[in-house]
Amino acid sequence: MNYNINEKGYYGEFGGAYIPEMLYPNVEELRQNYLKVMAEPEFQKEFNQLLKDYVGRPSPLYFAKRLSKKYNTKVYLKREDLNHTGAHKINNTIGQILMAKRLGKHRIIAETGAGQHGVATATVCALMGLECIVYMGEIDIARQAPNVARMKMLGATVVPALSGSRTLKDATNEAIRDWINNPVDTHYIIGSVVGPHPYPDMVARFQAVVSEEIQWQLQEHEGKTNPDYVVACVGGGSNAAGAYYHFLENTDVKLIAIEAAGLGVDSGESAATSVLGKEGIIHGSKTLLMQTNDGQITEPYSISAGLDYPGVGPMHAHLYKTGRAEFIAITDDQAMNAGLELCKLEGIIPAIESSHALAVFEQKKFQPEDVVVLSLSGRGDKDLQNYIDYFKF
Ligand SMILES: *Cc1c(COP(=O)(O)O)cnc(C)c1O
């Protein structure tokens, strides 16, 4: 069994590039060039230098002593929360901005839901002095005012998406429309392992630095490169893809994917795509997505803005379908409590997305000798108001 992408851009039956004909030249240009460009020594050098000096990599692999004691197993946290801009998303936007420059693009567009990917994109555009346009649903603009302000401070133009439900999927549609209209000078930075081939693979490769570091860091801590488990939350799936990447083909390393159950998988207010989703096409790729019986995409719900996406990347659809990864759905309540527990036990305030992953320890029993690496995808500063509202601090 192969868990990586094949030469046609599929993970098993999922993936591909289902795009309008007018988008074909842009996507094809990227497909023909991305591996070649990424392999260039100059590209590698610049990418690694920025990850080191600008992002602050390598991020620590931290042995969480008190958390480990509580759950009687060995827990290591991969500290993506310590990256510049506070999450793993910057790894991908650094990679894509360098790709855009190599392809001669000087105008950058992006979509954003909660605004985290918009901020990461606006950041690298400022860094490179490139024009940045971020599409964002009108509802999300109202809900995520601090991130909108951040993007503006960084010099980006935030364009409201006024159609449909005025949230992430509508922002994505607007970004695609822009790209069709500006095929020559514009690069579209997608924020997760979603979208038409080659995006899922390209984003996974940029995020793969996470598992590359885990290997040598674990060697230092434990004298071996492979953990027994890798745990990560899944929205579109990019932090998970990065944490899994170098372990995908090694089935001794068990993979656990945590999805947001919202108010409960059967409540109608959920984002647990693997359980609730069916095969379909969203944003250019064939994958699992939440839809009505006649194929309309349903609005997902989670307390975590970064996890309420109606689909999941094709890699994860394949990991689910083949059983390579175990999928666990975590409710809002379970996540919030696990997040607060990390604050008290380790002095780390996690992003609510990451809190979902942390809830694994209440759901699943690990052995005392197991080495469990958990992707702490982001820090909780952005979620403070949500934590306050929930716990009434
Ligand atoms: C965006 C985000 C996620 C979800 O996105 P993935 O592509 O699934 O990783 C998870 N954690 C944080 C902190 C995020 O900002």
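Residues numbered from 1 in each chain as written. Predicted model: local features only at pLDDT ≥ 70, side-chain atom pairs only at ≥ 80, totals over all residues. Heavy atoms only, no water.

1. Some thoughts on the overall build of the chain
The condition that has to hold: Every helix listed is a DSSP run of H or I at least four residues long, and every strand listed is a run of E at least two residues long, numbered separately from the N terminus. A contact between two residues is defined here by any heavy atoms of the two lying within 4.5 Å. Note on areas: Shrake-Rupley, 1.4 Å probe, and residue coverage restricted to the protein chains presented here. In this charge count, Lys and Arg are treated as positive and Asp and Glu as negative; neither His nor the chain ends contribute. Note on charges: their place is set at NZ of Lys, CZ of Arg, CG of Asp or CD of Glu.
Helix and strand counts for the chain stand at 17 helices and 14 strands. Taking the principal axes of the C-alpha coordinates as reference, the chain spans close to 55 × 45 × 40 Å. Sequence-distant contacts, at least 24 apart, represent 73% of the contacts inside the chain between residues at least 6 apart. For the chain, the accessible area works out to roughly 15500 Å², and carbon and sulfur atoms hold 51% of it. Within the chain, the 46 negative side-chain charges are centred at a point lying 4 Å from the centre of the 37 positive side-chain charges.

2. Digging into the sheet that holds strand β10 (residues 254-262)
Using the following cut-off: Note on pairing: DSSP must find at least two bridges between two strands before they are called paired. Every axis in this analysis is a line fitted to C-alpha atoms, fitted for helices over the stretch in contact. Angles between the N-to-C directions lie between 0 and 180 degrees.
Spatially, six strands are ordered β3-β4-β14-β9-β10-β13 in an open sheet, and the strand pairing comes out mixed. Here the strands that pair on one side only, and so sit at the sheet edges, are β3 (61-63) and β13 (325-331). Looking at each pair of strands side by side, their axes are set apart by 25 degrees on average, direction ignored. In this structure, β3 lies alongside strand β4 (residues 74-79), joined through three bridges in antiparallel fashion. Bridging across to β4, Leu-61 finds its partner in Lys-78. Sitting on the sheet, helix α10 (residues 209-222) touches β3, β4 and β14 (371-376), and the angle it makes with β4 is about 140 degrees.

3. Quick word on the domain arrangement of the chain
Accessible area lost upon the coming together of the parts serves often as the stated size of an interface. The cut-off we apply is this: Each domain's extent was defined by an automatic or database domain assignment. Summed over both partners, the accessible surface that disappears when two parts come together, traced with a 1.4 Å probe, is what is meant by buried area. Salt bridges, as used here, are contacts in which a Lys or Arg side-chain nitrogen is within 4 Å of a carboxyl oxygen on Asp or Glu. Two N or O atoms form a polar contact when they lie within 3.5 Å of each other; inside protein one atom must be a possible hydrogen donor and the other a possible acceptor, and for residues adjacent in sequence the pair counts only when both atoms belong to side chains.
Split by domain assignment, the chain resolves into domain 1 (11-50 + 89-203) and domain 2 (57-87 + 208-391). Each of domain 1 and domain 2 was reduced to a C-alpha centroid, and the two centroids are 23 Å apart. Contact with domain 1, which involves 31 residues of that partner, is made by 33 residues of domain 2. Note on domain 1 versus domain 2: buried area summed over both sides is about 2600 Å², and carbon and sulfur give 64% of it. Considering only the surface of domain 1 that becomes buried against domain 2, Tyr-11, Phe-14 and Tyr-18 emerge as the three largest contributors, covering 24% of it. Along the contact surface separating domain 1 from domain 2 lie one salt bridge. Residues Glu-13 and Lys-321 are paired through a salt bridge, measuring 3.4 Å at the closest nitrogen-oxygen approach. In this assembly, domain 1 and domain 2 are joined by ten residue pairs in polar contact (both at pLDDT 80 or more).

4. A word on the nonpolar core
The condition that has to hold: Grouping buried Ala, Val, Leu, Ile, Met, Phe, Trp, Tyr and Cys residues that are joined through side-chain atoms within 4.5 Å yields what is termed a nonpolar core. Buried residues are those whose accessible area, probed at 1.4 Å on protein chains only, stays under 20% of the maximum for their type, while exposed residues exceed 50% and partly exposed ones sit between those limits.
Membership of the largest hydrophobic core comes to 88 residues, with the highest contact counts inside it found for Ile-97, Met-99 and Tyr-244. Considering every element that reaches this core, the biggest residue donor is helix α4 (residues 89-102), with six residues. Built from parts of two domains, this core gets at least three residues from each of domain 1 (11-50 + 89-203) and domain 2 (57-87 + 208-391). If you look at the next biggest cluster of nonpolar residues, it comprises 29 residues, including Tyr-229, Ala-359, Leu-374 and Leu-376.

5. A closer look at the packing of aromatic side chains
Keep this limit in mind: The criterion for an aromatic pair is that two Phe, Tyr or Trp rings (for Trp, the six-membered ring) have centres within 6.5 Å, with stacked assigned to planes under 30 degrees apart, edge-to-face to planes over 60 apart and tilted to the rest.
Scanning the model with the defined rule gives 13 aromatic pairs in all. On the basis of an interplanar angle of 25 degrees and a centroid distance of 5.4 Å, the ring pair of Tyr-71 and Phe-361 is categorised as stacked. Separated by 290 residues along the polypeptide, Tyr-71 in helix α3 (residues 65-71) and Phe-361 in helix α16 (residues 360-363) bring together distant segments of the chain. In textbook terms, an aromatic cluster arises when at least three aromatic residues are bridged by ring pairs, as seen for Tyr-71, Tyr-229, Phe-361 and Phe-366.

6. What to know about a nonpolar patch on the surface
Under the convention used in this document: For patch detection, residues must exceed 30% relative accessible area and be free of salt bridges, and they are connected within 9 Å for like charges or within 5 Å for nonpolar side chains (Val, Leu, Ile, Met, Phe, Trp, Tyr).
Residues Leu-384, Ile-388 and Phe-393 make up a contiguous nonpolar surface patch of about 300 Å² in total accessible area. Relative to the elements of secondary structure, Leu-384 occurs in helix α17 (residues 384-391). Classification of Leu-384 by relative accessible area gives partly exposed; the value is 44%.

7. Comments concerning the sheet that holds strand β6 (residues 131-137)
In space, the four strands of this open sheet follow the order β7-β6-β5-β8, with parallel pairing throughout. Strands at the two margins of the open sheet, each flanked by one partner only, are β7 (157-161) and β8 (186-189). Looking at each pair of strands side by side, their axes are set apart by 25 degrees on average, direction ignored. The pairing of strand β5 (residues 107-112) with β8 spans four bridges and is classified as parallel.

8. Focus on the site of the ligand
To keep it simple, the criterion reads: Throughout this document, a residue counts as near a molecule or strand when at least one of its heavy atoms sits within 4 Å of that molecule or strand. Each residue receives one of three labels: charged for Asp, Glu, Lys and Arg, nonpolar for Ala, Val, Leu, Ile, Met, Phe, Trp, Tyr, Cys and Pro, and polar for the others, Gly being one of them.
Around the ligand, the structure places 17 residues, and the nearest of them are Lys-89, Ser-192, Gly-235, Gly-237 and Ser-238. Between the ligand and Gly-236 there is a distance of 3.2 Å, counted from an oxygen atom to a backbone nitrogen or oxygen. Relative to its free-state accessible area of 390 Å², the ligand is covered by the protein chains to the extent of 97%. When grouped by side-chain class, the residues that make up the shell around the ligand number four nonpolar, eleven polar and two charged. A domain split of the shell around the ligand shows at least three residues from each of domain 1 (11-50 + 89-203) and domain 2 (57-87 + 208-391).

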